Every structure is written in C-alpha cells, then in structure tokens.
Amino acid sequence: MGKEAGRGRCMLFETAFAEAVEQRLLLARDLRHAIEENELHAFYQPQVSIATGKVVGFEALLRWTHRERGPISPAEFIPVAENSGIIVDLGLWILREACQQAKAWLDQGLPPRTMSVNVSPAQFWAMDFETAVAAVLAETGLPAELLCLELTESLFVDQSEDRISRTLGSLSALGVQLALDDFGSGYSSLGYLTRLPFHRLKVDRSFVDGIAGQPAKRKLLAGIIALSHGLGLSTVAEGAEKRADVDVLRELGCDTVQGYVYSRPVAPDAAPVVAASIEAEPLPDHRPQCLIP
Ligand code: C2E
Ligand code: MG
Ligand code: MG
Ligand code: MG
C-alpha cells in the first residue's frame, strides 16, 4: 500500500472518529435538558411467575423521545449518560417516577407487584445511594419490599468488595430487593454472588433466546438455574420471545419470565391492561400485539 493511500485512510478514520465524538457531545448536551423538557418517559415491562401465570412485577425502562430525532434507544443514550455523569440525575428521576407509579397502582387497588429499577454504577458511587433510596421510598410511600434494584456486574469493577458489601447491606436492610442483572454476559467472578446479599438473579437474554431449539444452551441454562437456586436466589429469565422458550424455562424450574412473549415494555396507562390480559389468558400462541406502542 502506498504512503498516500495509508494517509488517506488515516484521515478518513480520524474524520469518522471526530464525527462520533461530536455526535456524543451533542447527545449529552440534549440529554442534560431532557428531564426539564419532558422528553423522558418510563415504560414498564411485565414479569410473569411461571408457576402461577400472575404478573408479579414490572421493570421500569427509560425512554427518550428527542424533539428532533424522535425515539432514541437506551443502547445509544445510556452509555452517553453514564460517561457524562448525567446518569446520576436520570437514574434518580426514573427511580422516583417508577416508585410513584407503583404506589399509584397500589392505591388503585391493583395487586402488589414489585417495581424493578436499573441502577448504574456511577449512581451508586456518586452519592450516599442508600440515603437517596430511603428518601424516595419515604416521599412516595412505596413499601420497600416492592422495590427491586437491578445492578450489573460492572458494579464490581474498580471497587473494593468491602465498600460494595456495605452499600448493598444497607439497601437490603431497608427492605428493598436486589437483583443481579444480565448474569453471564460479563466477566464473572462467582464469589461475590455467595457473599453479597442478592435476592434475584436475572439470566441474560443471550442464554434464554431461542433456547427451545438449542440443547447446549439448555444445559447451560439448567446449570445457571441450579446455581441460582443453590444460593437461595430467585431466577428471572430475560428475553423469552417464544412460547416454546417458556415451556423449557418451566421444565427447568425458572421462577419468573420477562420477555416479548408476554409483552414489550409499555406506557404506564397500558401496563395494568396488559397485566390483566396476561393473567386472563396464560399463554396464547399469538398474543394480539395491539397495545404495543
Ligand atoms: P436491561 O436492564 O437488561 O433491560 C432489558 C432489556 O431487554 C430492555 O431493553 C427490554 O426492552 C429488552 N427485552 C425484554 N424482553 C425482550 C425480548 O423478549 N426480546 C428482546 N430482543 N429484548 C427484550 P431496553 O429498554 O432497550 O434497555 C436496554 C438496556 O438499557 C437495559 O437492559 C439497561 O441496561 C439500560 N437501561 C434502560 N433503562 C435504564 C434506566 O432507567 N437506568 C439505567 N441505568 N439503565 C437503563
Ligand atoms: Mg434490567
Ligand atoms: Mg438485563
Ligand atoms: Mg443491561
């Protein structure tokens, strides 16, 4: 390759890189105003008990509708929020929003269901997190045992186990539940699972999706569920899309399923309706997807 061609490629790369950086800066700038501009929303995805067919909880998921670009996926904006520190405000916003919503449903006479909220490591270490959670519970009136905080393995990067253990211990003492999210997707040191006070293990979608047709995957999942139950944790499978996958999960003794097979994340008004329809008809081959936004 000639010197000139090499230089050309290098410049192309530099241009692309500069554009990507510029994009992220713009996104971060807009995200900073998203809360006050009312561009953020919480959507809710049902979690279904395999044994009873009841909706036992919801996971709150952030949605951002940019005034010019329209909906932007969390896969795109959450990393920007994390790298810029904006996640601290966003995380507190959705925590409060989701707790308020769960309390409102309780007050409307709907059955008690846990509300799961994702927490980024940055949020955890940016403040006295257990005090912030206690304040939100007090302010909204949601019973602590109906809140579940979802944490990922990335929480364990660069932090002493002592510090993690203290914070998780205080949260657990408040009565909130703790879930380890995306289990199996990261680097895994199983040691912390035995030492930290988690209540639930959420199996990453990659181990669940299409499990019915894949014997090797099924064995892996059976092992994960056995591990989880062996440690006294309840097991939640994420990302089941087909009825056949739920049949396998039931055979393997998984406790709870969250996936498109039951419902996508939906707007707050639709969530109780979706829950009622899931409970009325356990698992049709084809659920009418008219409520999907
Ligand atoms: P997560 O916490 O693991 O959430 C589950 C994701 O899987 C959601 O994507 C959900 O819509 C998707 N999902 C659920 N069932 C299925 C299925 O059957 N098939 C497929 N293909 N996908 C399914 P979403 O809403 O795009 O969120 C992506 C990730 O962004 C979340 O993964 C979480 O890591 C992050 N995120 C979303 N909201 C928040 C938030 O409020 N705070 C923080 N810190 N992170 C958030
Ligand atoms: Mg989650
Ligand atoms: Mg997950
Ligand atoms: Mg995730």
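For the structure itself, consult the block above.
Remember, predicted model here, so these are calculated numbers, not experimental data. (Residues numbered from 1 in each chain as written. Chains lettered and ligands numbered in written order. Predicted model: local features only at pLDDT ≥ 70, side-chain atom pairs only at ≥ 80, totals over all residues. Heavy atoms only, no water.)

Taken across its 5 residues, strand β5 (residues 147-151) has 5 buried, putting it largely inside the fold. Side chains Leu-147, Leu-149 and Leu-151 project from β5 onto one buried face, and the interleaved Cys-148 and Glu-150 project onto a second face that is buried too. Pairing of strand β4 (residues 114-118) with β5, which is carried by 4 bridges, proceeds in the parallel orientation. Residue pairing across strands places Ser-116 opposite Cys-148, the latter belonging to β5. Chirality of the crossover, the property in question, places the unit of β5, helix α6 (residues 161-174) and strand β6 (residues 177-183) among those that are right-handed. (Buried < 20%, exposed > 50% of the residue type's maximum accessible area, 1.4 Å probe, protein only. Helix = DSSP H or I, 4+ residues; strand = E, 2+ residues; numbered from the N terminus. Pairing = 2+ DSSP bridges. Right-handed = clockwise from strand over helix to strand, strands pointing away.)

Once that is clear, we can look at the nonpolar core. Core analysis: the largest hydrophobic core is formed by 82 residues, its most contacted members being Leu-147, Leu-149 and Phe-198. In terms of residue count, helix α3 (residues 87-107) provides more of this core than any other element does, 10 residues in total. When sequence neighbours within four positions are dropped, the list of residues in contact with Leu-149 reads Leu-95, Val-117, Val-119, Phe-129, Val-133, Leu-171, Val-176, Gln-177, Leu-178 and Ala-179. (Core = buried A, V, L, I, M, F, W, Y, C linked by side-chain atoms within 4.5 Å. Contact = heavy atoms within 4.5 Å.)

Looking now at α6. Over its 14 residues, α6 runs 20 Å from end to end, which matches the ideal 20 Å to within 8%, given 1.5 Å per residue. Inspection of α6 places Ile-164, Thr-167, Leu-168 and Leu-171 among the buried residues, and these make up the whole buried set. The buried residues of α6 occupy an angular sector of 95° when the element is viewed end-on, so they sit on one face. Among the exposed residues of α6, those pointing more than 90 degrees away from its buried face are Asp-162, Arg-166 and Ala-173. In this fold, the buried residues of α6 make contact with α4 (121-126), α5 (129-140), β5 and β6. Gly-175 lies just past α6 and shows a positive phi near 105°. (Expected span 1.5 Å × (residues − 1). Arc of directions from axis to C-beta.)

Reference values for coordination geometry: four tetrahedral donors around a metal ideally subtend 109.5 degrees, six octahedral donors ideally subtend 90 or 180 degrees. All of the protein donors around the magnesium ion (ligand 3) are Asp-181 (OD), Asp-182 (OD), Glu-238 (OE) and Glu-238 (OE); their distances to the metal are 2.0 to 2.5 Å. When the donors of the magnesium ion (ligand 3) are listed by position in the chain, the intervening gaps give D-D-x55-E. In this structure, the magnesium ion (ligand 3) is positioned 4.0 Å from the magnesium ion (ligand 2), and both are ligated by Asp-181. Separated by 57 residues along the polypeptide, Asp-181 in strand β6 and Glu-238 in strand β8 (residues 234-238) bring together distant segments of the chain. (Donors = N, O, S within 2.8 Å, 3.2 Å for Na, K, Ca; no water.)

Coordination sphere of the magnesium ion (ligand 2), protein contribution only: Glu-59 (OE), Asn-118 (OD1), Glu-150 (OE) and Asp-181 (OD), at 2.0 to 2.4 Å. Positions of the donor residues of the magnesium ion (ligand 2) along the chain correspond to the pattern E-x58-N-x31-E-x30-D.

Moving on, we come to the site of ligand 1. What surrounds ligand 1 is a group of 21 residues, the closest being Arg-63, Asn-118, Ser-120, Glu-241 and Tyr-260. Within the side chain of Arg-63, one N or O atom sits 2.9 Å away from an oxygen atom of ligand 1. When ligand 1 is considered free in solution it has 790 Å² of accessible area, and contact with the protein chains removes 84% of it. When each cavity is represented as a set of grid points, ligand 1 is found to reside in the largest pocket. Within the residue set of the shell around ligand 1, elements represented by two or more residues are β2 (55-66), α2 (74-84), α3 and β6. Examining the composition of the shell around ligand 1, we find that 4 residues originate from one element, β2, more than from any other. Along the lines of polarity and charge, the residues of the shell around ligand 1 split into 9 nonpolar, 5 polar and 7 charged. (Near = heavy atom within 4 Å. Polar contact = N/O pair within 3.5 Å; in protein donor to acceptor, adjacent residues only side chain to side chain. Areas by Shrake-Rupley, 256 points an atom, 1.4 Å probe, with all protein chains shown as cover. 1 Å grid on protein atoms, 1.4 Å probe; cavity = no way out; pocket = protein on both sides within 12 Å on 5 of 7 lines; lining within 4 Å. Sits in = over half its atoms within 2 Å of the grid points. Nonpolar A, V, L, I, M, F, W, Y, C, P; charged D, E, K, R; others polar.)

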